[in-house]
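If you want the building blocks of each chain, they are given just below.
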Amino acid sequence: MRSNSKKVLFIVTTGKSWSGIHPLFPVKWIKKHGVEIFGLTIGHKKNALEQLQEIASDPVEKHVFWVKELQDIHALSTMLKGKGGFPTTCNGNGAFLDERRTVFLPWHRFFLLKLENLLTQIDCRVTLPYWDWSRTSGNPWEVDGPKSIWSNACYGLGGDGKEPNNCVVNGPFGQGQWNITIDDDKTTCLRRCFHGNPPDAQTVQSVLSLPWQNFSDFEKKLRVVFHHSVACDNIGGHVCSQFAAQTPEFILITSFVDKLWGQWQNMSDFHRDTGFPVVSTNLPGFELRYVGDVYRLDRQPGCVKVIYDKAIKLV
């Protein structure tokens, strides 16, 4: 080995070490001699993660990886080779990730799954809807149509908020029917303030046509333009606040964004696997749930396969 070459040890395992000798002892010697240690565990059980996190180099989140299936290593190798939307670096500190990467898409995917599972405990027929706002762009706030999602009828969301405080007053989510909890002992009405138009179908198609190498652009479009802007610039009110998850429209927007991500992933194996190299990254707020748990719609936790139906024209 050349004296100036980088020393790296990559550990691949399917479970904890049971040799009787704790791996920390030899690892200390290895690290002392300047070896950078990475770890990969394979399998549905994550019982090796904790041990790998103990022996891997710091920062742990950039040195420990987990995949469910052997074939899923392709997703990891694609990113570690510098492919995909977020460029890798080799800057001497073992950083394989661009810091712009977020868990926005997988976090919301698991949120939707968790919510649907809770709802099916009440009624096993429940599935979450989505709102394809691109099909109604130009007239998205229709209230009087018999199938409008903003209808004041019992199946609708109740339309725009009313002055002076932008409270929704009609439908099942109207004032007095649905409350937003803003503190332990304080609630308020659901607020909206419709404005402008969501992106049209042509814009959606242009984003879906982005190549897999442009994942960072694709992810940003979904997160900023299709989720945040529709929520904040078009609907407004509580869906653009820390209380967004208490609004029914949040579910519709989030489901559509997840559908678009899944649609893009289905274009090829590269589309499916790119974007999230550290599949062992924890999903904040969900104990022992990781990016790798949810990034494939056909392999969701609990042996769930998610299939989105095609959109139907409502108005």
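All values reported here derive from a predicted model rather than from experimental measurement.

**Remarks on the overall build of the protein**
Piece 1. Within the protein, the secondary structure is distributed over nine helices and five strands.
Piece 2. The N-to-C order of helical and strand elements in the protein reads β-α-β-α-β-α-α-β-β-α-α-α-α-α.
Piece 3. When each of the 315 residues of the protein is scored for burial, the buried share is 46%.
Piece 4. A sequence separation of at least 24 residues applies to 66% of the contacts in the protein between residues at least 6 apart.
Piece 5. For the protein, the exposed surface amounts to about 16,600 Å²; the carbon and sulfur share of it is 54%.

**Observations concerning the sheet that holds strand β2 (residues 36-42)**
Piece 1. Taken together, the three strands give an open sheet; going across it, the order is β1-β2-β3, and neighbouring strands pair in parallel fashion. Sheet topology places β1 (8-13) and β3 (64-67) at the edges, where each strand pairs with a single neighbour. Averaged over all neighbouring strand pairs, the angle between strand axes comes to 15°, with direction disregarded.
Piece 2. Taken together, the six bridges between β1 and β2 define a ladder with parallel strand orientation. Each residue of the ladder has a partner; that of Thr13, found in β2, is Thr41.

**Observations concerning helix α5 (residues 201-208)**
Piece 1. Of the positions making up α5, those classed as buried are Val204, Val207 and Leu208. Down the axis, α5 shows its buried residues gathered within 100° of arc, on one side only.
Piece 2. At its buried positions, α5 is contacted by α6 (215-235) and α7 (248-265).

**Comments concerning the nonpolar core**
Soluble globular proteins tend to bury their nonpolar side chains together.
Piece 1. Among the nonpolar cores identified, the biggest contains 56 residues, and Phe218 and Leu222 are the most heavily contacted of them.
Piece 2. Contributing elements (two or more residues each) for this core: β2, β3, α4 (104-120), α5, α6, α7 and α9 (291-294).
Piece 3. Considering every element that reaches this core, the biggest residue donor is α7, with nine residues.
Piece 4. Ranked by size, the runner-up nonpolar core spans eleven residues in total, among them Val27, Ile37, Leu52 and Ala56.

**So, the pairing of β3**
Piece 1. Because side chains alternate across β3, one face comprises the buried residues Val64 and Trp66, and the other comprises Phe65 and Val67, equally buried.
Piece 2. Of the strand pairs in this sheet, β2 and β3 are connected by four bridges, and their pairing is parallel. Bridging from a neighbouring strand, Thr41 pairs with Trp66 of β3.

**Points about the packing of α6 against α7**
Piece 1. The N-to-C vectors of α6 and α7 enclose an angle of 160°; their axes lie 11 Å apart at closest approach. Overall, the two elements α6 and α7 adopt an arrangement that is roughly antiparallel. Seen along the crossing, α6 lies across α7 with a hand that is right-handed. Between α6 and α7, the contacting residues are Phe215, Phe218, Leu222, Phe226, His227, Val230, Ala231 and Ile235 on the first element and Glu249, Phe250, Ile253, Thr254, Val257, Leu260, Trp261 and Trp264 on the second.
Piece 2. Of the residues belonging to the contact of α6 with α7, the class tally is 13 nonpolar, two polar and one charged.

**Here's the deal with the confidence of the model for the protein**
Piece 1. Mean pLDDT over the protein stands at 82; residues scoring 70 or higher make up 83%.
Piece 2. Contacts for the low-pLDDT stretch residues 82-101, under 50 throughout, to residues beyond four places or in other chains number 49 contacts.

**Some points on the packing of α5 against α6**
Piece 1. Between α5 and α6, the shortest axis-to-axis distance is 9 Å and the interhelical angle comes to 150°. As judged from the angle between their axes, α5 and α6 are roughly antiparallel. On α6, the residues touching Thr203, Val204, Val207 and Leu208 of α5 are Phe218, Lys221, Leu222 and Phe226.
Piece 2. In terms of residue class, the contact of α5 with α6 is built from six nonpolar, one polar and one charged.

**What to know about the pattern of salt bridges**
Piece 1. In this structure the tally under the stated criterion is seven salt bridges.
Piece 2. The partner of Arg223 in a salt bridge is Glu219, and the shortest N-O contact between them spans 2.8 Å. Of this pair, Arg223 and Glu219 are both found in helix α6, four residues apart, which corresponds to roughly one turn of the helix.
Piece 3. When its relative accessible area of 2% is taken as the criterion, Glu219 is described as buried.
Piece 4. Taken together, the shared-partner salt bridges in this structure form one network comprising Asp269, Arg272 and Asp273.

Conventions and cut-offs
Residues numbered from 1 in each chain as written. Predicted model: local features only at pLDDT ≥ 70, side-chain atom pairs only at ≥ 80, totals over all residues. Heavy atoms only, no water. Helix = DSSP H or I, 4+ residues; strand = E, 2+ residues; numbered from the N terminus. Buried < 20%, exposed > 50% of the residue type's maximum accessible area, 1.4 Å probe, protein only. Contact = heavy atoms within 4.5 Å. Areas by Shrake-Rupley, 256 points an atom, 1.4 Å probe, with all protein chains shown as cover. Pairing = 2+ DSSP bridges. Axes fitted to C-alpha atoms, helices over the stretch in contact; angles between N-to-C directions. Arc of directions from axis to C-beta. Core = buried A, V, L, I, M, F, W, Y, C linked by side-chain atoms within 4.5 Å. Parallel < 35°, antiparallel > 145°, perpendicular 65-115°, else oblique. Left-handed = near helix turned anticlockwise from the far one by under 90°. Nonpolar A, V, L, I, M, F, W, Y, C, P; charged D, E, K, R; others polar. pLDDT = per-residue confidence, 0-100. Salt bridge = Lys/Arg side-chain N within 4 Å of Asp/Glu carboxyl O.

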